[in-house]
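One letter stands for each residue in the lines below.
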Amino acid sequence: MSSEELLRGTSGALPAAPPKKVFVKTFGCQMNVYDSERMVEALVPAGFAETTDMADADLVVLNTCHIREKAVEKVYSDLGRIRDVKAWRAAEGKTTIVTVAGCVAQAEGREIARRAPVVDLVVGPQSYHRLPDLLGEIRAGRRIVETEFPEADKFSALPPRTGPRQTAAFLTVQEGCDKFCTFCVVPYTRGAEYSRAVADIVAEAEALVARGVRELTLLGQNVNGYHGAGADGSARTLAQLLVRLSDIADLERLRYVTSHPRDMGCDLIAAHRDLPKLMPYLHLPFQSGADRILAAMNRKHTADDYRRLADRIRKARPDIALSTDIIVGFPGETDAEFAETLRLVREIGFAQAYSFKYSGRPGTPAAGMDGQIPDAVKASRLDELQSLLEVQQKSFNSGFIGQVVPVLFERAGRRDGHLVGRTPYLQLVHVEAAMAALGRILPVAIASASQNSLTGTLHAA
Ligand code: 5AD
Ligand code: SF4
């Protein structure tokens, strides 16, 4: 028995009949989006249907993120609001089971149970397949914290894909990380690197494509470190997996995220040249442009390694759009070192980027380092960096004005008669088009551009 019973009977005996509506709120990265879909799918056989109205939910799940302090604060503030909803539903004779899942659950399981009595169940990312069983135990009046890393592979224990039809889907191929960057909680919350077998991924991809998916984004905390087993049991690389998935006839586009510069193998770079279905967009975090900081971060690459890598990738696929993650104000970062980060951004030129103030995470080596930077300094560095990134992103997008680009239409837009799709470079495009265009790739003439999206008109072929 891997689950741990904390308290008996504090949430009161719950009725035997299963609750029917589940509300899931997802924080953080795409992997959590994927996990939330899988949790709902795991709950369907137990009689649940998803609702977008929390007040209507018999089961509320917060799928949480631990990467920065702010993400964690949001969870606790949501739990305050959920306490009110739970009380109000109880006054109407309705029971609400409150579950905290994801990385905060993994990292702070007991702390959550202590700080937030409203929570009935805390479940870590490796145990979602056990949700229906755990709910059974909750109904018997227990509170549970389940944060083991079980031996059984959760993926093979989860039911087949049954979620709503979609055009673009995520598919987790790898989880966990062995890199231990000194600022990062992922190796602790998601555990050691684990890659799913090729056959399992292909089966899931085929099921998604049969349900209408045309674009797949392969997910992993360190996705290009993928080393899952092939048919003969020996390890395959991410490039080999992409080649195999390219064979799925109705699958039109492939992407993958997030990559580490150290794991950009020659075959993966070549795949960007050779695989027409592999989209010309690559998210490749560099975190800092200063070698001393990169070493303190345990990134295992220098700024020049990154420059050379970007060159090689652009030689293989000249139109590739690069995206990155950057941290400002890592302990000990000087003004001159921050200037190195700005210089690297200017030299490489990014289509898109995510930038963050360093946030000390409990249990990580950097949290205890000397030279913690005052928040005001971090904030002003972040401002300066984001102004530069904004200019680059706008200029990347404006470069498309007047061009015709293939757009995969994903969903209805906010305005009537408009659809939203994506270019190969992951830009959002708003276009006036009939619903029949959903799920199709059509040429669009780009008319205008902003920092975050494009607009255009369907172009007669
Ligand atoms: N503080 C700030 N940013 C962080 N990231 C990861 N850990 C921290 C932290 N402690 C950023 C990194 C990573 C992205 C997902 O989040 O840039 O690539
Ligand atoms: Fe975290 Fe990414 Fe570093 Fe792994 S490689 S420790 S996930 S930042």
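Chemist: Explain the domain arrangement of the protein chain to me, please; I cannot follow it from the model alone.
Modeler: By convention, interface size is frequently given as the accessible area that disappears when the constituent parts associate. Domain assignment breaks the protein chain into domain 1 (17-146), domain 2 (154-398) and domain 3 (404-458). Taking the mean C-alpha position of each, domain 2 and domain 3 sit 25 Å from one another. Taken together, the contact pairs 18 residues of domain 2 with 19 residues of domain 3. Counting the surface lost from both domain 2 and domain 3, the interface buries some 1,500 Å², and carbon and sulfur atoms represent 56% of this.

Chemist: I keep staring at the site of ligand 1 and nothing clicks. Help me out?
Modeler: Around ligand 1 sit Ile-67, Arg-68, Phe-183, Gln-287, Asp-325, Ile-327, Phe-356, Lys-357, Tyr-358, Ser-359 and Arg-361, and that is every residue in its neighbourhood. Measuring from an oxygen atom of ligand 1, one finds a side-chain N or O atom of Gln-287 at 2.7 Å. A distance of 2.7 Å is found between a nitrogen atom of ligand 1 and a backbone nitrogen or oxygen belonging to Ser-359. When ligand 1 sits alone it has 410 Å² of accessible area, and the protein chains cover 87% of it.

Chemist: Whenever I open this one, the packing of aromatic side chains confuses me. Can you help?
Modeler: For any pair of aromatic rings, the description consists of the separation of the ring centres together with the inter-plane angle of the planes. Per the counting criterion, the structure on display carries eight aromatic pairs. Measuring from centroid to centroid gives 6.5 Å for Phe-155 and Tyr-194, while their planes differ by 5 degrees, and the two rings are stacked. One end of the pair, Phe-155, is in helix 5 (residues 154-157); the other, Tyr-194, is in strand 10 (residues 194-195), with 39 residues separating them in the sequence. Both rings, one in Phe-180 and one in Tyr-188, keep their centres 5.7 Å apart while their planes meet at 75 degrees; by these two values the pair is edge-to-face. Aromatic rings pair up to connect Phe-286, Tyr-306 and Phe-350 into one cluster. The ring of Phe-356 carries Arg-68 above its face, with NZ or CZ at 3.6 Å from the centroid. Across the ring face of Tyr-76, the terminal group of Arg-115 is positioned such that the distance to the ring centre comes to 3.6 Å.

Here is what the cut-offs are and how they apply
Residues numbered from 1 in each chain as written. Chains lettered and ligands numbered in written order. Predicted model: local features only at pLDDT ≥ 70, side-chain atom pairs only at ≥ 80, totals over all residues. Heavy atoms only, no water. Domains from an automatic or database assignment. Contact = heavy atoms within 4.5 Å. Buried area = accessible area lost by both parts, 1.4 Å probe. Near = heavy atom within 4 Å. Polar contact = N/O pair within 3.5 Å; in protein donor to acceptor, adjacent residues only side chain to side chain. Areas by Shrake-Rupley, 256 points an atom, 1.4 Å probe, with all protein chains shown as cover. Phe/Tyr/Trp six-rings, centres within 6.5 Å; stacked < 30°, edge-to-face > 60°. Helix = DSSP H or I, 4+ residues; strand = E, 2+ residues; numbered from the N terminus. Lys NZ or Arg CZ within 6 Å of the ring centre and 35° of its normal.

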